[in-house]
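Single-letter residue listing:
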Amino acid sequence: MADKKIAANKDKARAAAAKPAALGEDIDLGTYVSSAEEQPYEADPSRLPDKVKQQMLDAGVILDDPSQRAGTFIQMDNAPVHSSIREEGVEVLPVSQALDKYDWLSDYWWRAVAVNTDKYTANVELNQHNGYFIRALPGSKTVYPVQACLYLTKARLAQNVHNIIIAEEDSELHIITGCATASEEEAGLHLGVSEFYIKRGARVTFTMIHNWNPEVAVRPRSAAIVEEDGLFLNNYVLMKPVRSLQTNPTVICEGDNAAARFNSVLVADAGSSLDVGSRVILNGRGTKTEIISRAITTGGYIVARGYVEGNAPDVKGHLECRGLILGEQGVIYAVPELKGTLAGIDLSHEAAVGKIAEEEVEYLMARGLTRDEATATIVRGFLRVDIEGLPPALGAELQRAIETSEQDLM
Amino acid sequence: MSDVALSIEQLAVEVEGREILHNVSLQMKFGETHVLFGPNGSGKTTLLMAIMGFPRYRITRGKIVFQGKDVTGLPPDERARLGIGMSFQRPPVVRGVKTRDMVAACLRGKESEERIGELAERADLTDFLDREINYGFSGGEIKRSELMQLLAQRPALTLIDEPESGVDLVNISLIGELLNTLLEKDCPIPDRKCMGLIITHTGHILDYVNARTGYVMCDGVIGCEGDPHEILATIREKGYEECIACFLRRDKGG
């Protein structure tokens with residue numbers, strides 16, 4: 001990367017190193033360590049320990065039989081331990097290697113996300129620990145998803161990753177990323193910057209499953225720029241405990257007729273604090289978005305945000321936020337926001353927060369289900385994701401991941 | 001044990017602290033279908049809800065004996081498992097729960113794709129199996145879906161709330177067909193193991209389903225009991241006002 005550009009990014013990052021985030025509890029970065037031992041490269045990830053593989057599998061990353069994957073990337077702590085592809089037309093590399101390989105990559109570095117957004121983005125720049133680079137070549141269409149796993153093993157580590165995803169013109173790319181921790185109780189911090197560039201006519205589905213532990217804090221910083229006729233489909237599933245998570249990814253539908261859809265499924269138990277939003281800026285003519293979030297608390301605190309801004313003619317956006325409070329504790333704070341800056345746009349939202357309707361429980365009981373069975377059926381229905389545009393196999397996989405976690409909920 | 005399969009004895013039911021039913025009694029045998037007429041607000045639905053066992057409909061006096069067992073204190077799911085089923089007039093939408101899931105739940109352990117498909121075909125709801133239950137359903141679709149679920153559940157006693165309300169003519173003959181299957185109308189009476197209690201405001205359903213006994217509910221009591229067609233003829237001719245007036249005259253006289 002041109003030295004001038006690097007220096008400019010570093011300067012901006014240093015200036016923002018103490019800048020608190022706009023949302024979420026302020027994390028004291030000083031309580032985390034930033035260096036970890038090197039991890040050996042593993043050419044055959046099926047040889048990783050069974051426990052590790054299981055944790056990754058719970059986050060949607062399959063290592064024993066990668067035949068249903070177009071490529072695989074695994075990073076443990078600060079070190080990429082595996083990257084490979086199985087299908088033509090897609091590149092999967094540690095981002096450090098990609099930066100060496102492609103001079104032009106510097107044009108994408110901190111373009112969708114500003115390096116000085118807050119102290120977390122600044123920290124990722126100043127103490128960067130790699131990340132992944134996934135690129136679909138022009139016109140390529142991968143059948144299976146690329147999978148990526150960011151795995152935290154060292155206690156009190158701050159994992160700072162910077163990921164770049166590029167879908168070149170008319171390509172189709174599916175990605176599953178799972179994040180997991182080795183320990184079920186050690187504290188850790190995951191800071192992940194992800195920048196998506198979806199070129200003209202390209203389609204990207206990005207499905208992220210988080211499997212942290214009750215002591216981990218997480219601050220993803222993501223943004224996507226979608227060009228003309230491009231589509232970005234973002235699915236996020238968080239059903240396992242986490243201490244504190246705040247994220248508010250932004251998609252800018254820049255080109256005409258670009259579209260973005262967000263689906264999130266969030267579950268917070270006692271002790272978990274989530275602040276999860278989705279923002280879509282509709283700048284191109286005829287751009288569209290739909291944001292759907294479903295949140296369940298069994299005692300945790302959830303802020304479910306949605307923001308749609310329409311700045312061009314003929315744009316259409318809808319926000320739907322539904323929250324279910326199970327049990328006596330727990331808070332769901334739904335914040336749907338719409339901003340229109342010209343006439344002729346169509347933005348709407350609906351939000352509902354409450355407990356399970358007794359009428360629905362009784363309806364199912366009249367069919368012979370016990371109260372517990374009826375409740376479980378309603379919760380399962382609430383969490384059902386039928387995602388338009390997602391390949392059926394991937395949809396089924398996502399549903400399975402949700403159903404596995406549901407067991408803990410009942 | 002007598003051959004009476006459902007016996008409601010001097011039932012009083014309260015909803016939100018207000019007594020809606022006072023001293024209601026009726027008896028049914030296997031194979032029988034009874035219909036409940038009555039003006040809006042007379043307590044018909046309350047009676048069905050109380051038989052099904054919804055806690056909001058609190059039984060304050062009397063009892064419900066079903067197949068020799070006092071079910072008065074049982075929750076709806078236990079009653080359902082004993083063989084009581086209900087077709088709701090306005091069932092709730094349950095988001096994310098598909099029609100298929102409901103039919104499967106009703107089949108209780110005997111579910112199979114074939115069976116579900118067959119029931120859906122019979123109710124002309126094949127395209128509805130993967131839709132969320134009751135979400136955006138028309139009046140006729142709701143009724144057919146309710147009856148499809150009951151055909152899966154196969155209750156000995158079926159409670160049916162206004163099968164004809166909000167239903168067009170094409171739908172009503174299919175609904176009549178489904179009801180007749182549910183109530184085993186094609187079996188000789190002595191062989192039937194099912195019975196039905198149908199609420200009807202207009203009596204229109206009697207053109208499609210035969211019933212043995214009719215009742216007129218007035219203000220929370222059963223005002224009269226008799227041949228359903230005769231009762232319907234009177235209601236059609238003179239209206240519910242006359243039924244109520246007649247009942248009041250007898251009530252005073254008695």
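Small disclaimer: the values here were computed from a predicted structure and weren't measured. (Residues numbered from 1 in each chain as written. Chains lettered and ligands numbered in written order. Predicted model: local features only at pLDDT ≥ 70, side-chain atom pairs only at ≥ 80, totals over all residues. Heavy atoms only, no water.)

Engineer: Honestly, the overall build of chain B in this entry has me stumped. Any pointers?
Structural biologist: Looking only at helices and strands, one finds seven helices and 10 strands in chain B. Taken over C-alpha atoms, the radius of gyration comes to 18 Å for chain B, in line with the 18 Å a tight globule of 254 residues would show. Referenced to the eigenvectors of the C-alpha coordinate spread, the extents of chain B come out at roughly 60 × 40 × 40 Å. The proportion of buried residues among the 254 residues of chain B is 56%. The long-range fraction of contacts in chain B, counting pairs at least 24 apart against all pairs at least 6 apart in sequence, stands at 71%. Within the structure as shown, chain B displays about 11100 Å² of accessible surface, and the carbon and sulfur contribution to it stands at 47%. Considering chain B, the positive charge centre built from 31 side chains and the negative charge centre built from 38 side chains are found 4 Å apart. (Helix = DSSP H or I, 4+ residues; strand = E, 2+ residues; numbered from the N terminus. Rg over C-alpha atoms; globule rule 2.2 N^0.38 Å. Buried < 20%, exposed > 50% of the residue type's maximum accessible area, 1.4 Å probe, protein only. Contact = heavy atoms within 4.5 Å. Areas by Shrake-Rupley, 256 points an atom, 1.4 Å probe, with all protein chains shown as cover. Lys, Arg positive; Asp, Glu negative; His and termini not counted. Charge placed at Lys NZ, Arg CZ, Asp CG, Glu CD.)

Engineer: Teacher, can you tell me more about the pairing of strand E4 (residues 57-66) of chain B here?
Structural biologist: Consecutive residues of a regular strand have side chains that alternate between opposite faces of the sheet. All names here are of chain B. Where strand E1 (residues 4-15) lies against E4, eight bridges are found, and the strand directions are antiparallel. Across the sheet, valine 15 pairs through a bridge with tyrosine 57, a residue of E4. A loop of two residues connects E4 with strand E5 (residues 69-70), the two strands running antiparallel in sequence, and glutamine 67 in this loop sits at a positive phi of about 50 degrees. (Pairing = 2+ DSSP bridges.)

Engineer: I keep staring at the packing of helix H3 (residues 99-107) of chain B against helix H4 (residues 113-122) of chain B and nothing clicks. Help me out?
Structural biologist: Two quantities define a packed helix pair, namely the angle between the axes and the distance from one axis to the other. All names here are of chain B. Where H3 meets H4, the axes come as close as 10 Å, and the angle between the chain directions of the two elements is 115 degrees. With respect to H4, the element H3 is oriented roughly perpendicular. As H3 packs across H4, the resulting crossing turns out to be right-handed. Of the residues in H4, those in contact with Arg100, Val103, Ala104 and Leu107 of H3 are Glu113, Arg115, Ile116 and Leu119. Looking at the contact of H3 with H4 residue by residue, the class counts come to five nonpolar, no polar and three charged. (Axes fitted to C-alpha atoms, helices over the stretch in contact; angles between N-to-C directions. Parallel < 35°, antiparallel > 145°, perpendicular 65-115°, else oblique. Left-handed = near helix turned anticlockwise from the far one by under 90°. Nonpolar A, V, L, I, M, F, W, Y, C, P; charged D, E, K, R; others polar.)

Engineer: Would you mind showing me how to read the sheet that holds strand E7 (residues 157-161) of chain B here?
Structural biologist: Pairing between the strands of a sheet comes from backbone hydrogen bonds, and it takes one of two forms, parallel or antiparallel. Residue and element names in this part refer to chain B. What the six strands build is an open sheet, ordered E6-E7-E8-E3-E9-E10; its pairing is mixed. The open sheet has two edge strands, strand E6 (84-87) and strand E10 (221-226), and neither has a second partner. The average angle at which neighbouring strand axes cross in this sheet is 20 degrees, direction not considered. Here strand E3 (residues 33-37) pairs with strand E9 (residues 213-218) via four bridges, running parallel. By the bridge assignment for E9, valine 35 is matched with glycine 214. Against the sheet, helix H1 (residues 44-52) makes contact with E3, E6, E7, strand E8 (195-199) and E9, and its axis sits at roughly 150 degrees relative to E7, the strand it touches most.

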